[in-house]
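Given next are the chains, with one letter for each unit.
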Amino acid sequence: MSELFHECGIAAVYHLPNRDPSPLAPMGDPGKTSQLISRLLLDIQNRGQLAAGMTTFNPARNQLIDTHKDVGTVTEVFQLNHQNAFNNLMKKYEGPAAIGHVRYATCGKDERSYAQPFERHHIQKSKWFSFGFNGQLANYQELCQEILAESDFHLARETDTEILMHLISQELSKENPGELFDILGTLSKRLDGAYNIVFLDALGNMFISRDPVGIRPLCYAFDGSLFAAASESVALANMGFDADEIHSLPPGSAIVIQDGELTIREYAKPTQKAHCFFEWIYFANVCSTLDDQSVYITRKRLGEELANQETVPIDEDTIVVPVPDTAKAAADSMAFHLSVPSLEGLIRNRYIGRTFIEGANRKDKVRAKYTPLPEVLENKRVLLVEDTIVRSTTMKALISQLKDRGRAREVHVRVACPPIIGPCFYGIDMSTINELFAPRFLKGGEMTPEVEEAMAKAIGADSLKYLPKESIARAIGLPDNSLCQACIDTTYPTEAGRKLYQIAVENSQNDNGDDPHRTYDVSLTSPVRS
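Residues numbered from 1 in each chain as written. Predicted model: local features only at pLDDT ≥ 70, side-chain atom pairs only at ≥ 80, totals over all residues. Heavy atoms only, no water.

**What about the nonpolar core?**
Test applied: Note on terminology: a nonpolar core comprises buried Ala, Val, Leu, Ile, Met, Phe, Trp, Tyr and Cys residues joined through side-chain atoms within 4.5 Å. For each residue, the accessible area found with a 1.4 Å probe, counting protein chains only, is set against the maximum for its type, and the residue is called buried under 20%, exposed over 50%, and partly exposed in between. Here, two residues are considered to be in contact whenever any of their heavy atoms come within 4.5 Å of each other.
Within the largest apolar cluster, 86 residues are counted, with the highest numbers of intra-cluster contacts made by F277, F278, L384, V413 and L464. Sequence-distant contacts of V413, defined by excluding residues within four places in its chain, comprise L384, I389, M395, I399, I459, A461, S463, L464 and K465. One finds I147, F181, I183 and F207 within the second-largest nonpolar core, a separate group that totals 30 residues.

**Things to note about helix α1 (residues 33–43)**
Going by this rule: We count a stretch as a helix when DSSP gives it H or I for four or more residues in a row; a strand needs E for two or more, and each element gets its number in order from the N terminus.
Burial analysis of α1 places eight of its eleven residues in the buried class, which makes it a mostly covered element. Along α1, the positions that sit buried rather than exposed are T33, S34, L36, I37, S38, L40, L41 and D43.

**Some details on the packing of helix α9 (residues 295–308) against helix α10 (residues 328–338)**
Under the convention used in this document: To obtain an axis, a line is fitted to C-alpha atoms, over the contacting stretch when the element is a helix, and the angle between two such axes runs from 0 to 180 degrees between their N-to-C directions. Working definition: roughly parallel below 35 degrees, roughly antiparallel above 145 degrees, roughly perpendicular at 65 to 115 degrees, and oblique for all remaining angles. By the definition used in this description, the sense in which the near helix is turned from the far one sets the handedness, with an anticlockwise turn below a right angle giving left-handed and a clockwise turn giving right-handed. Gly is placed with the polar residues, together with every amino acid not listed as nonpolar (Ala, Val, Leu, Ile, Met, Phe, Trp, Tyr, Cys and Pro) or charged (Asp, Glu, Lys and Arg).
Look at α9 against α10: their axes get within 7 Å of each other, and the N-to-C directions meet at 45°. Relative to α10, the element α9 is oriented oblique. Crossing geometry of α9 relative to α10 is assigned as right-handed. Contacts between α9 and α10 involve Y296, R299, K300, G303, E304, L306 and A307 from the former and A329, A330, S333, M334, H337 and L338 from the latter. A breakdown of the residues in the contact of α9 with α10 according to their chemical character gives seven nonpolar, three polar and three charged.

**Digging into the pairing of strand β3 (residues 65–71)**
The cut-off we apply is this: The pairing criterion is simple: DSSP has to find at least two bridges between the two strands.
The buried fraction of β3 amounts to five of the seven residues, a majority that puts the element mostly inside the structure. Bridging between strand β2 (residues 51–57) and β3 involves seven bridges; their strand directions are antiparallel. Looking at β3, one finds that T55 is bridged to T67.

**Focus on the sheet that holds strand β12 (residues 253–258)**
Reading across from one edge, β5-β6-β7-β8-β12-β13 is the order of the six strands in this open sheet, with antiparallel pairing throughout. Only two strands of the sheet have a single neighbouring strand rather than two, namely β5 (118–120) and β13 (261–266). Direction aside, neighbouring strands of the sheet carry axes that sit 20° apart on average. Pairing between strand β8 (residues 206–209) and β12: four bridges, direction antiparallel. Within the sheet, the bridge partner assigned to I208 lies in β12 and is I255.

**A closer look at the packing of aromatic side chains**
This is how it is decided: Note on ring pairs: Phe, Tyr and Trp rings are taken, using the six-membered ring of Trp, and paired if centres are within 6.5 Å. Classes follow the plane angle, with under 30 degrees stacked, over 60 edge-to-face and the rest tilted. Note on geometry: a ring has a charge over it if NZ (lysine) or CZ (arginine) is within 6 Å of the ring centre and within 35 degrees of the ring normal.
For the coordinates displayed, the defined rule picks out 13 aromatic pairs. Here the aromatic rings of F199 and F207 are separated by 4.6 Å at their centres, their planes lie at 10°, and the arrangement is stacked. With relative accessibility at 1%, the residue F199 sits in the buried group. According to the relative accessible area criterion, F207 is buried, its value standing at 3%. Clustering of aromatic rings is evident, with ring pairs tying together F118, F129, F131, F199 and F207. Looking at R265, its charged tip hangs above the ring of F181, at a distance of 4.0 Å from the centre.

**Brief notes about the pattern of salt bridges**
Just so we agree on the cut-off: Should a side-chain nitrogen of Lys or Arg be within 4 Å of a carboxyl oxygen of Asp or Glu, the pair is scored as a salt bridge.
Taken as a whole and assessed by the stated rule, the structure comprises 26 salt bridges. A salt bridge links R47 to E232, with the shortest nitrogen-to-oxygen separation between them at 2.9 Å. A residue pair is termed long-range when its members are at least 10 positions apart, and R47 in the loop between α1 and β2 and E232 in the loop between β10 (226–230) and α7 (233–239) qualify at 185 residues. Under the relative-accessibility criterion, R47 is labelled buried at 1%. One salt bridge in this structure joins K91 and E94, with 3.5 Å as the shortest N-O distance. When salt bridges that share partners are traced, they join R47, R216, E232 and E279 into one network.

**Focus: a nonpolar patch on the surface**
As a reminder of what qualifies: Note that patches include only residues with greater than 30% relative accessible area and no salt bridge, and the join distances are 9 Å for like charges and 5 Å for nonpolar side chains (Val, Leu, Ile, Met, Phe, Trp, Tyr). The protein chains shown are the only cover counted for residues, whose accessible areas, like all others here, come from Shrake-Rupley with a 1.4 Å probe.
On the surface, V286, Y296 and I297 cluster together into a nonpolar patch covering about 220 Å² of accessible area. In this structure, I297 sits in helix α9.

**Concerning the pairing of strand β17 (residues 318–322)**
The buried fraction of β17 amounts to five of the five residues, a majority that puts the element mostly inside the structure. Every second residue of β17 is oriented toward a common face, with T318, V320 and P322 on one face and I319 and V321 on the other, all of them buried. Bridging between β17 and strand β20 (residues 381–386) involves five bridges; their strand directions are parallel. Within β20, the residue paired with V320 across the bridge is L383.

**Quick word on the sheet that holds strand β4 (residues 97–103)**
If you walk across this open sheet you meet the seven strands as β3-β2-β4-β1-β10-β9-β11, and the pairing is antiparallel. Since the sheet does not close on itself, it has two edges, and those belong to β3 and β11 (246–248), each with one partner. Direction aside, neighbouring strands of the sheet carry axes that sit 15° apart on average. Sheet topology note: the strand β9 (residues 219–223)/β10 ladder contains five bridges and is antiparallel. Bridging from a neighbouring strand, C219 pairs with A230 of β10.

Such coordinate-based values are descriptive only and should not be taken to indicate function.
Following this line, the structure appears as structure tokens:
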């Protein structure tokens with residue numbers, strides 16, 4: 001759904017010494033990690049299109065670690081369409097180790113200084129480091145206040161990434177900072193939320209860590225001398241790693257490479273697993289496998305769940321149409337089980353960036369991004385499959401386009417997700433309860449046919465059906481209590497998340513409710529993301 005945005009993906013590459021060379025390295029050259037990191041980032045571009053960057057380590061140059069980053073897509077930042085410029089860039093930043101990042105920010109400035117990785121220079125090599133961060137610190141405000149309580153401290157950016165850089169710096173500056181595992185263990189006692197990290201210092205030490213709750217995905221792989229990690233498995237598979245070489249990093253664990261030796265170890269005991277279910281139904285690449293569960297198979301099963309609860313009469317004029325692109329697997333599966341065609345009645349313009357139409361009204365945005373095909377839709381009963389409805393403004397405009405331009409006779413919306421009733425404080429762009437579509441109708445109660453009818457009327461649909469919550473765990477294939485489903489059941493997996501939700505509820509109750517799309521100060525409930 002175009003109303004919902006993720007933020008950030010991370011990647012890392014290391015050519016380990018004293019091991020058999022990997023055939024996956026470009027021309028067998030261990031210095032070409034810059035080329036590999038750009039390839040990894042291109043495959044996780046779905047996780048962030050605002051900015052991209054990398055930091056590489058090379059002991060043979062004055063800048064032991066050096067960072068290249070900018071606002072733009074991976075193709076733009078790394079000049080992938082300009083071979084000479086790309087080759088020169090890769091040559092400048094060659095080295096045996098690299099980390100990378102793609103960024104989407106829900107707020108904050110669209111400028112280079114907010115792009116990651118963040119690099120902190122220092123004359124002492126152990127304190128000169130760079131890191132990339134995927135997630136959101138739910139206790140951002142408390143950490144910010146702690147830091148600024150020191151009169152000599154200053155924060156230059158409104159982002160939790162800078163907070164994290166400060167905290168890492170504090171740990172490294174201690175007289176006896178301990179091992180990198182120890183530093184991560186200490187940090188875990190202060191951090192609340194989602195925080196997957198890739199880290200590289202001027203000694204060539206690296207760590208890749210996943211937070212103890214495991215909200216965001218993180219995968220890794222080995223092949224001879226080559227180690228790589230990325231937010232999603234598809235990036236590692238496309239690099240050439242075999243499926244049995246790709247693993248999900250367990251929550252609370254880290255991979256540390258120090259003095260050329262690699263160690264995988266738990267740095268914090270997970271008390272609860274809470275992998276964000278949205279990774280499977282919306283955010284992740286459909287080719288990825290996360291925590292051993294296939295994204296594609298999950299979406300296929302969601303389509304089966306939709307088919308099992310369908311009540312609209314099926315005739316020769318009934319078709320299933322997915323909202324491109326993330327709903328296609330569910331729509332195809334639903335259509336197969338209903339024995340009706342699944343047709344692309346909506347074509348998405350993949351060459352229009354989000355910012356290009358930012359100033360337009362919602363109908364203009366939808367018209368620019370989606371083209372309905374009357375030759376497919378005219379006089380049809382359309383089962384329109386969407387992965388989720390957040391604020392409903394895009395869906396309302398889409399239905400209008402399907403009926404007006406596509407000349408569809410009926411449009412029945414089928415949502416492969418339960419209603420969104422709570423904001424996310426762990427890295428998804430949902431800011432306030434009153435901006436959400438479903439709470440205005442549910443009002444704390446259960447979904448009923450009367451509520452669904454009122455919702456359908458509000459968006460101009462002939463009918464509307466959501467999946468029940470129990471469908472999610474069934475489709476993913478993981479226990480219900482191992483998933484973060486806070487946005488559909490308000491059960492937040494961390495203490496700071498629960499506190500922020502209570503503030504969000506109070507803000508919602510204090511709002512006069514006259515305009516469901518009205519916004520207000522949400523600084524306490526929606527900290528600036530990475």
